[in-house]
Amino acid sequence: MSQSIQFRHGELIVPDQPVIPFIEGDGIGKEITEASQRVIDAAVAEAYGKTKKLVWKEVLAGKKAFELTGNYLPDETLEAFKNYLVGIKGPLETPVGEGIRSLNVALRQTLDLYVCLRPIRWFKGVPSPIRYPELVDMHIFRENTEDIYAGIEFMTGTEKAVKFRDFLINEMGVDKIRFPESSSFGVKPVSKEGSVRLIKAAVQYAIERKLPSVTIVHKGNIMKFTEGAFKNWGYDLAENEFAGETFTWRQYQQIEKQSGKNEAFAVLESARASGKVIIKDCITDAFLQESLLHPFDHSVIATLNLNGDYISDQLAAMVGGIGISPGANINYNSGYAIFEATHGTAPNIAGTGKANPGSLILSGAMLLEYLGWYKAAEHVYDAMEHTFSKRRVTSDLYSMMEGATLLSTSDFADEIIRNIH
């Protein structure tokens, strides 16, 4: 009998047949949603027989919702995600001129899904532009409600832009606007509360999974009171709330200053040996290079919204592309979570059978992990790797692999299901 997932005392209570609302998505959404659900259902059946299953419940958003209801994001859809807590969605196209900045952003902000989680790993057999893709195993925690997602903008020439400019110059004494008469303006809010809860989730994730480090990625050398504060709030959190489980780079620097480099290094090595999570930071542009040259030095990444956007796509490219990159939007305080395909709607190939359902399939595996159904999730990962190693892939990967067999969206799902054992 199907039931709703509950959230009590900070933990999910998951029945054997939880209702999972899903948004089919626009463009290729129908194809990849159908394929991914078949794979996820097969993995659950292999892991648990008839004792567990997901009960899929379609809810509407995007073009399909507009055609049926006249609304791109009906209230019923938001209510379904609130009632059932955990759901999944295909890619959505943002309507032009409809007053919604982004359907994806609207979902995240309405449910306060403050973590955008993107795990990046390589599957054997997938082509990669780097020499040792097997060393890439990173988990990106991207702040999902502030920064540019809550950005405030004023277009040059508008009344509001003029008022804002005059306020900055006349009231705040700002004298660094190079071309004030033709400038547009943007403001990015970064709060202590929003920063701390994101970094806290990243640190807890690293501790629970016994991962070696959390890297706070920021541009605090330039934006000292937003991104610089993000870094400092992260260090304060680690040193105060997780003192017995972490060791920070800031503590290392303090020991080095007081007692010398050898003593600081000895303390660092002792912390690593005892299983403490090392908390460090890196400037964003330096990190983009570091992640390519030394990917093994970084495990969990905690960063603000715009940085996370850049980092997610670069790391995905290192292991085969965004077509096989999963993602989730989570509020660990309320239990709300929406898993999603991280790519776009690709309307040019919709209905052709060329779409790669890998991103949504792997997001479904993340959903299974979130429910605590780890055995089923492992079946998905294992079957995906077997399929890639046999070079049986969809058109996006086929064009990059020698000796590969081209499969349609549906056939690719069938192949993964055959490899679930």
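Our subject in this report is the structure included herewith. Just so you know, these numbers come straight off a predicted model, no measurement behind them.

Thresholds applied
Residues numbered from 1 in each chain as written. Predicted model: local features only at pLDDT ≥ 70, side-chain atom pairs only at ≥ 80, totals over all residues. Heavy atoms only, no water. Axes fitted to C-alpha atoms, helices over the stretch in contact; angles between N-to-C directions. Helix = DSSP H or I, 4+ residues; strand = E, 2+ residues; numbered from the N terminus. Left-handed = near helix turned anticlockwise from the far one by under 90°. Contact = heavy atoms within 4.5 Å. Nonpolar A, V, L, I, M, F, W, Y, C, P; charged D, E, K, R; others polar. Buried < 20%, exposed > 50% of the residue type's maximum accessible area, 1.4 Å probe, protein only. Pairing = 2+ DSSP bridges. 1 Å grid on protein atoms, 1.4 Å probe; cavity = no way out; pocket = protein on both sides within 12 Å on 5 of 7 lines; lining within 4 Å. Points joined across faces, edges and corners; volume = space filled by probe spheres on them.

1. Here's the deal with the packing of helix α8 (residues 249-259) against helix α9 (residues 261-273)
Then, in step 1: For the pair α8 and α9, interaxial distance at closest approach is 7 Å and the crossing angle is 145 degrees. Note that α8 runs across α9; the crossing there is right-handed. Along its contact with α8, which presents Tyr-252, Ile-255, Glu-256 and Ser-259, the element α9 presents Lys-261, Glu-263, Ala-264, Phe-265, Val-267 and Leu-268.
Then, in step 2: Tallied by class, residues from the contact of α8 with α9 come to six nonpolar, one polar and three charged.

2. Describing unusual backbone geometry
In terms of backbone geometry, most residues other than glycine have negative phi values and most peptide bonds are trans.
Then, in step 1: One non-glycine residue, Lys-210, lies in positive phi territory at about 55 degrees.
Then, in step 2: In this fold, Lys-210 is placed in the loop between α6 (192-208) and β10 (213-218).
Then, in step 3: Unusually for a residue other than glycine, Ala-346 sits at a positive phi of about 40 degrees.
Then, in step 4: Mapping Ala-346 onto the fold places it in the loop between β15 (337-341) and α12 (358-371).
Then, in step 5: For Ala-346, a relative accessible area of 24% puts it in the partly exposed group.

3. Describing the environment of Asp-166
Then, in step 1: Looking at where Asp-166 falls in the secondary structure, it is placed in helix α5 (residues 159-171).
Then, in step 2: The spatial distance from the C-alpha of Asp-166 to the C-alpha of Ala-42 is 62 Å, given a sequence separation of 124 residues.

4. Notes on the pairing of strand β7 (residues 137-143)
Residues in a regular strand point their side chains to alternate faces of the sheet.
Then, in step 1: Within β7, six of the seven residues are buried, which leaves it mostly tucked inside the rest of the structure.
Then, in step 2: Strand direction decides the pairing type here: strand β6 (residues 115-121) and β7, joined by seven bridges, are antiparallel. Bridging from a neighbouring strand, Pro-119 pairs with His-139 of β7.
Then, in step 3: When β7 meets strand β13 (residues 300-303), the two strands line up parallel, connected through four bridges. Across the sheet, residue Ile-140 finds its bridge partner in β13, namely Ile-301.

5. Focus on the layout of surface pockets
Then, in step 1: Counted as a void, the largest pocket has a volume near 960 Å³.
Then, in step 2: Looking at the largest pocket, it is lined by 38 residues, and the ones nearest its centre are Leu-117, Tyr-205, Arg-209, Tyr-332 and Tyr-370.
Then, in step 3: Elements that contribute at least two residues to the lining of the largest pocket include exactly β2 (11-13), β6, β7, α6, β14 (326-330), α12 and α13 (374-389).
Then, in step 4: The biggest single contributor to the lining of the largest pocket is α6, with six residues.
Then, in step 5: Grouping the constituent residues of the lining of the largest pocket by class yields 23 nonpolar, six polar and nine charged.
Then, in step 6: Considered as a void within the structure, the second largest pocket measures approximately 440 Å³ in volume.
Then, in step 7: Along the wall of the second largest pocket there are 24 residues; nearest its centre are Pro-212, Ser-213, Arg-272, Val-277 and Ile-278.

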